[in-house]
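Listed here are the chains, written in short residue letters.
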Amino acid sequence: MSLKESDLKTEPACTTTSLSNYLWNDAPDENKWADCVHCGMCLESCPTYEQTGQEQHSPRGRVHLIKSVAEGKLEVNEQFMDPVYQCLDCRACTTACPADVDVGGLIEEARGQIRQAMPLKGWKGMVSKFFLEGLFPYQNRMQFFGGTLKFYQKSGMQNLVRKTGLINIMPSHLVEMESIMPEIKVPVRKKFKNEEVIKAKGTEKSTVSFLTGCIMDVMFSDINESTINVLTHNGHNVTIPKQQTCCGALHVHAGDRETGRKLAKQNIEAFKDADKVIVNAAGCGCMLKDYPELFREDAEWKEKAEAFANKVEDVSKYLHDNGYEKPKSEMNTRLTYHDACHLAHGQGIREEPRKILLDIPGVEMVHMSNADRCCGSAGIYNITNPEMAGAVLESKMENVPDDVEMISMGNPGCMLQMAIGVKKYGRNQKVVHTIQLLDWAYQKDAEKEKNM
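Residues numbered from 1 in each chain as written. Predicted model: local features only at pLDDT ≥ 70, side-chain atom pairs only at ≥ 80, totals over all residues. Heavy atoms only, no water.

### Brief notes about the overall build of the chain
Reasoning step 1: Along its length, the chain carries 25 helices and eight strands.
Reasoning step 2: Compactness check: the chain gives a C-alpha radius of gyration of 22 Å against a globular reference of 22 Å for 452 residues, within 12% of the reference.
Reasoning step 3: Overall, the C-alpha framework of the chain stretches about 75 × 50 × 40 Å when taken along its three principal axes.
Reasoning step 4: A buried classification covers 55% of the 452 residues belonging to the chain.
Reasoning step 5: Within the chain, contacts between residues separated by at least 24 positions form 78% of all contacts whose residues are at least 6 apart in sequence.
Reasoning step 6: Approximately 20400 Å² of the chain is accessible, and the part contributed by carbon and sulfur atoms is 52%. (Helix = DSSP H or I, 4+ residues; strand = E, 2+ residues; numbered from the N terminus. Rg over C-alpha atoms; globule rule 2.2 N^0.38 Å. Buried < 20%, exposed > 50% of the residue type's maximum accessible area, 1.4 Å probe, protein only. Contact = heavy atoms within 4.5 Å. Areas by Shrake-Rupley, 256 points an atom, 1.4 Å probe, with all protein chains shown as cover.)

Structure follows, in C-alpha cells:
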C-alpha cells in the first residue's frame, strides 16, 4: 500500500463516520481526527516522513488511514499495521498542528485494534508476553532481573562474552545496547524498603510520592536516588508507595491497552493518598497523565484517572514551580540539552529543565538545533524497528554540538539511545539526566561544608 497526497483529498475531513469496521471496544476516537484538514503542517515535524518521504508514514497519512478503516474503506491488516507501528509516537506532529489533532492518541488506539485482530505469534509473541506481561509489572521479578544483570557485569561474564565474540551472535542493534548498558546498582525500592517516609533535610515544605518506575529502578537506580536526594535537599519528604507498578507505557505503545488499564488501576490505587506524584522519566510521566484516555468508556475509572493525572508532575517542573536551592559549587562543564519527546511534546515542559541547568554555577549551555527532534528511542522502538530508529538517531546526532562535554535530558530511553549515538559516531560526550547534575552540585556543596 502506497498512500499518495491526492488520496487525502477525496472528501472533507469532518465527515461523520461509523466505526463499523473496528470490531472491538476502545476504537480510535473520531473526535480526534475530526479537526484534521490534511494541511501538511505536520510533515516537517515527523521523523519517519523525513526518512521515507511517503504519505503513509506521515501524521496526516496515518490519520487518513485510521479514518479510512473506520469507514470500511480499508481492512485491519499488514498493510495498515506497518505505517501505524512505524510511528515513533513522538507527538511532535501535535505540537506542529494548528488544530492540536491528537495523532499520538489515535495511533495508540489503532494499535489496540491491530493487536486484537492480529495477535503477535511465534518468537515475537513469546518475547512480548515474557517482558510485557511476565516481567515489567512485577517488582520482585524486576529486581531478580536486575540482580542477574549485575551478576553478568560483576562476575567477569560480560568481559568474557565480549572478548570471545559471543556477543556477536545477537543482532547488531542489541550488541550496541549491551555495549552502553549502565552499571546496575541497588534499586531505591530495595534500598529504602524499610522507610515509610524519606525525611526532608532542613525545613519541611511538603510530602510527595515518587514513581520509581520498573526499568528505571533497575537500569537507572542512581538517577532515582539523585531524584530523592534533590527532593529531600529542598525540603520535601518522599514516600515510595509499595503497591505501585509499571506505568504501562510500553504496553499501550505495543497495543496492549487491557494490560495498560490493569496497571493504571493499580497505580491509581497505590497513589490515592498522595498529594503529588513525582516522576523523573518523561515517558512514564506522559503515560500517567494519559490515564484518563485509557478509561474513555468507563466513567467511574475515568474520574479516578483524571484526579490521579492532576497529581502527576515531572520533577523538573515541580522544582521549578516550588522553588529550589541554587547550588554554590561550580560544575565547570559545557553541555547541550535534548528535549525528550514525551517531556516537550507530550507534557509541554521545555524551559524548566534548562532553567535548572543554568542555575548550576559553571554550566555553559550550548544550543542544539532541533533539540526537540526524536532520537529514535521511543520506548522499545529501537528494538522493534532498529533500522528506522538508527536512521532517526543519525539525524539527531548531526545536531549535537561537537564542543560539549555532556548531553543532558530527562528520559532514560533517550539516555540509552543517545549513548549509542555517542559511541557509534565517535563522540566523547557524557549522557546525563538533568537531576543528576543538580544532585552532583549539591554533593560538592556538602563536601565543601564538611571540609570547612
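Once the structure has been displayed, the description carries forward.
### Describing the sheet that holds strand β6 (residues 363–365)
Reasoning step 1: Pairing is parallel in the open sheet, where four strands are placed in the order β6-β5-β7-β8. If you trace the sheet from one side to the other, it starts and ends with β6 and β8 (430–433), each paired once. Strand-to-strand, the axes of this sheet are offset by a mean angle of 35°, without reference to chain direction.
Reasoning step 2: Pairing of strand β5 (residues 333–337) with β6, which is carried by three bridges, proceeds in the parallel orientation. From the neighbouring strand, Leu 335 faces β6, where its bridge partner is Met 365. (Pairing = 2+ DSSP bridges. Axes fitted to C-alpha atoms, helices over the stretch in contact; angles between N-to-C directions.)

### Here's the deal with the nonpolar core
Reasoning step 1: Judged by nonpolar contacts, the single largest core of 92 residues is most densely connected at Leu 288, Tyr 291, Leu 319 and Met 418.
Reasoning step 2: Residues in contact with Tyr 291, not counting those within four places in the same chain, are Cys 246, Cys 247, Leu 263, Ala 264, Asn 267, Ile 268, Ala 305 and Phe 308.
Reasoning step 3: Residues Leu 43, Val 63, Phe 80 and Val 101 belong to the second largest nonpolar core, which totals 25 residues. (Core = buried A, V, L, I, M, F, W, Y, C linked by side-chain atoms within 4.5 Å.)

### With respect to helix α13 (residues 221–233)
Reasoning step 1: A rise of 1.5 Å per residue sets the reference length of α13, with its 13 residues, at 18 Å; its end C-alpha atoms lie 18 Å apart and thus fit the reference within 8%.
Reasoning step 2: If you check which residues of α13 are buried, you get Ser 221, Ile 223, Asn 224, Ser 226, Thr 227, Ile 228, Val 230, Leu 231 and Thr 232.
Reasoning step 3: Gly 235 lies just past α13 and shows a positive phi near 90°. (Expected span 1.5 Å × (residues − 1).)

### What to know about the pairing of β5
Reasoning step 1: Burial within β5 is extensive, with four of its five residues counted as buried.
Reasoning step 2: When β5 meets strand β7 (residues 406–409), the two strands line up parallel, connected through three bridges. Bridge pairing in β7 links Leu 335 to Met 406.

### Thoughts on the pattern of salt bridges
Reasoning step 1: Under the criterion given, the structure shown has 33 salt bridges.
Reasoning step 2: The shortest N-O distance in the salt bridge between Glu 71 and Lys 67 comes to 3.0 Å.
Reasoning step 3: A relative accessible area of 8% places Lys 67 in the buried class.
Reasoning step 4: For Arg 261, the salt bridge is made with Glu 258, and the minimal N-O distance between the two is 3.4 Å. Of this pair, Arg 261 and Glu 258 both sit in helix α15 (residues 257–270), three residues apart, roughly one helical turn.
Reasoning step 5: When its relative accessible area of 44% is taken as the criterion, Glu 258 is described as partly exposed. (Salt bridge = Lys/Arg side-chain N within 4 Å of Asp/Glu carboxyl O.)

### Considerations on the packing of aromatic side chains
Reasoning step 1: By the definition in use, this model includes five aromatic pairs.
Reasoning step 2: Centroid distance Phe 130 to Phe 131: 4.9 Å. Interplanar angle 90°. Geometry classified as edge-to-face.
Reasoning step 3: On the basis of relative accessible area, Phe 131 is assigned to the partly exposed category, the value being 30%.
Reasoning step 4: Residues Tyr 291 and Phe 308 carry aromatic rings whose centres are separated by 5.5 Å and whose planes lie at 20° to one another, so their mutual orientation is stacked. Placement of Tyr 291 in helix α17 (residues 291–294) and of Phe 308 in helix α18 (residues 299–309) is noted, with a sequence separation of 17 residues between them.
Reasoning step 5: Tyr 291 sits in the buried class, given a relative accessible area of 0%.
Reasoning step 6: What links up through ring pairs into an aromatic cluster is the set Phe 130, Phe 131 and Phe 136. (Phe/Tyr/Trp six-rings, centres within 6.5 Å; stacked < 30°, edge-to-face > 60°.)

### Looking at the side chain of Asp 359
Reasoning step 1: Of note, Asp 359 is situated in the loop between α21 (351–358) and β6.
Reasoning step 2: Reaching out from Asp 359, the side chain makes a polar contact with the side chain of Lys 355 at a distance of 2.8 Å.
Reasoning step 3: Among all residues touching Asp 359, those that are not within four sequence positions of it are Tyr 324, Lys 326 and Pro 327. (Polar contact = N/O pair within 3.5 Å; in protein donor to acceptor, adjacent residues only side chain to side chain.)

### Some remarks on the confidence of the model for the chain
Reasoning step 1: In this model, the chain carries an average pLDDT of 92, and 96% of its residues clear a pLDDT of 70 or more.
Reasoning step 2: Between residues 9–19, whose pLDDT stays under 50, and residues either more than four places distant or in other chains, the model counts 23 contacts. (pLDDT = per-residue confidence, 0-100.)

### Looking at the pairing of β8
Reasoning step 1: As judged from the four bridges shared by β7 and β8, these two strands associate in the parallel manner. Along β8, the bridge assignment pairs Met 409 with His 433.
Reasoning step 2: Handedness of the crossover joining β7 and β8 through helix α24 (residues 412–424) is recorded here as right-handed. (Right-handed = clockwise from strand over helix to strand, strands pointing away.)

### Things to note about the packing of helix α3 (residues 59–70) against helix α4 (residues 78–86)
Packed helices, taken two at a time, are described by the angle between their axes plus the distance between the axes.
Reasoning step 1: Where α3 contacts α4, the axes come no closer than 10 Å and their chain directions differ by 140°. When the axis of α3 is compared with that of α4, the two are oblique. Classified by chirality, the crossing of α4 by α3 is left-handed. In contact with Arg 62, Leu 65, Ile 66 and Val 69 of α3, α4 contributes Phe 80, Pro 83 and Gln 86. (Parallel < 35°, antiparallel > 145°, perpendicular 65-115°, else oblique. Left-handed = near helix turned anticlockwise from the far one by under 90°.)

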